[in-house]
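Spelled out, the chains give:
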Amino acid sequence: MEKDSALYQLMDTRMNGIVSGDGEYQAILRKSDIYSGELDRMDISKEIRLLIDRYVSEQNALGSRFGMLAYLLGFSDCKAMFLGKCLPTEAKEMTTEL
């Protein structure tokens with residue numbers, strides 16, 4: 001599925017709306033800010049700080065990508081059900097729809 005498809009645009013619009021109004025998301029964001037402040041107060045070398053930043057960024061990217069894929073697969077499954085199509089039973093078949 002191409003990144004400029006209607007499904008990707010819908011996902012982007014919905015996700016931006018959800019995170020801004022979700023209390024749990026906002027609480028996680030505030031807690032993350034506390035940890036960030038604690039790191040700022042520590043005497044950590046630039047190299048270690050960069051390593052921590054890269055690690056956290058990659059972990060964040062993993063979670064974000066997983067959530068996006070789950071959303072896309074769920075939406076594709078719903079579309080298939082509404083159109084009366086059978087859903088594939090093997091994971092390999094399901095991943096080809098993306």
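Residues numbered from 1 in each chain as written. Predicted model: local features only at pLDDT ≥ 70, side-chain atom pairs only at ≥ 80, totals over all residues. Heavy atoms only, no water.

Undergrad: What should I look at first to understand the overall build of the protein chain in this one?
TA: Helix and strand counts for the protein chain come out as four helices and zero strands. Along the protein chain, helices (α) and strands (β) appear in the sequence α-α-α-α when read from the amino end. Across the 98 residues in the protein chain, those meeting the buried criterion constitute 11%. Restricting the contact set of the protein chain to residue pairs at least 6 apart, pairs at least 24 apart contribute 53%. Element-wise, carbon and sulfur atoms account for 60% of the exposed surface of the protein chain, whose accessible area totals about 8200 Å². (Helix = DSSP H or I, 4+ residues; strand = E, 2+ residues; numbered from the N terminus. Buried < 20%, exposed > 50% of the residue type's maximum accessible area, 1.4 Å probe, protein only. Contact = heavy atoms within 4.5 Å. Areas by Shrake-Rupley, 256 points an atom, 1.4 Å probe, with all protein chains shown as cover.)

Undergrad: Please explain the pattern of salt bridges as it appears in this structure.
TA: Should their charged atoms come close, side chains of opposite charge can pair. Enumeration according to the criterion identifies one salt bridge in this entry. Salt-bridge contacts for D40 lead to R49; the nearest nitrogen and oxygen are separated by 2.1 Å. (Salt bridge = Lys/Arg side-chain N within 4 Å of Asp/Glu carboxyl O.)

Undergrad: Any chance you could explain a nonpolar patch on the surface here in plain terms?
TA: Taken together, I48, I52, Y55 and V56 make up a surface patch of nonpolar side chains, about 370 Å² in accessible area. By secondary structure assignment, the location of V56 is in helix 3 (residues 46-82). A relative accessible area of 48% means that V56 is categorised as partly exposed. (Patch = residues over 30% accessible without salt bridge, like charges linked within 9 Å, V, L, I, M, F, W, Y side chains within 5 Å.)

Undergrad: Explain the packing of helix 1 (residues 6-21) against helix 3 to me, please; I cannot follow it from the model alone.
TA: Between two packed helices, what matters for the description is the angle formed by their axes and the separation of those axes. At their nearest, the axes of helix 1 and helix 3 sit 11 Å apart, and the two run at 120 degrees to each other. Accordingly, the angle class assigned to the pair helix 1 and helix 3 is oblique. Helix-helix and strand crossings are classified by hand; for helix 1 and helix 3 the assignment is right-handed. Contacts between helix 1 and helix 3 involve L7, Y8, L10, M11 and R14 from the former and R65, M68, Y71, L72, F75 and S76 from the latter. A per-class count over the contact of helix 1 with helix 3 returns eight nonpolar, one polar and two charged. (Axes fitted to C-alpha atoms, helices over the stretch in contact; angles between N-to-C directions. Parallel < 35°, antiparallel > 145°, perpendicular 65-115°, else oblique. Left-handed = near helix turned anticlockwise from the far one by under 90°. Nonpolar A, V, L, I, M, F, W, Y, C, P; charged D, E, K, R; others polar.)

Undergrad: Honestly, the nonpolar core in this entry has me stumped. Any pointers?
TA: Generally speaking, a soluble globular protein has its nonpolar side chains buried in company with each other. If you look at the biggest cluster of nonpolar residues, it comprises five residues: L7, Y8, M11, M68 and L72. Of all the secondary structure elements, the ones that give two or more residues to this core are helix 1 and helix 3. By residue number, the principal contributor to this core is helix 1, which donates three residues. (Core = buried A, V, L, I, M, F, W, Y, C linked by side-chain atoms within 4.5 Å.)

Undergrad: Explain the packing of aromatic side chains to me, please; I cannot follow it from the model alone.
TA: Ring pairs (aromatic) are described by centroid distance and by the angle formed between their planes. All chains considered together, the criterion is met by one aromatic pair. With 6.4 Å between their ring centres and 20 degrees between their planes, Y71 and F75 make a pair best called stacked. Here Y71 pairs with F75, and both are found in helix 3, just four residues apart, close to one helical turn. The class of Y71 is partly exposed, set by a relative accessible area of 23%. (Phe/Tyr/Trp six-rings, centres within 6.5 Å; stacked < 30°, edge-to-face > 60°.)

Undergrad: Is there a simple way to explain helix 3 in this structure?
TA: For an α-helix the count is 3.6 residues per turn, leaving residues at separations of three or four pointing the same way. With 37 residues, helix 3 extends 53 Å from end C-alpha to end C-alpha; this agrees with the ideal 54 Å at 1.5 Å per step. Residues of helix 3 that are buried include every one of M68, L72, S76, D77 and A80, and no others. G84 sits one or two residues past helix 3 and shows a positive phi near 75 degrees. (Expected span 1.5 Å × (residues − 1).)

Scope: geometric values only; no functional claims are made or implied.
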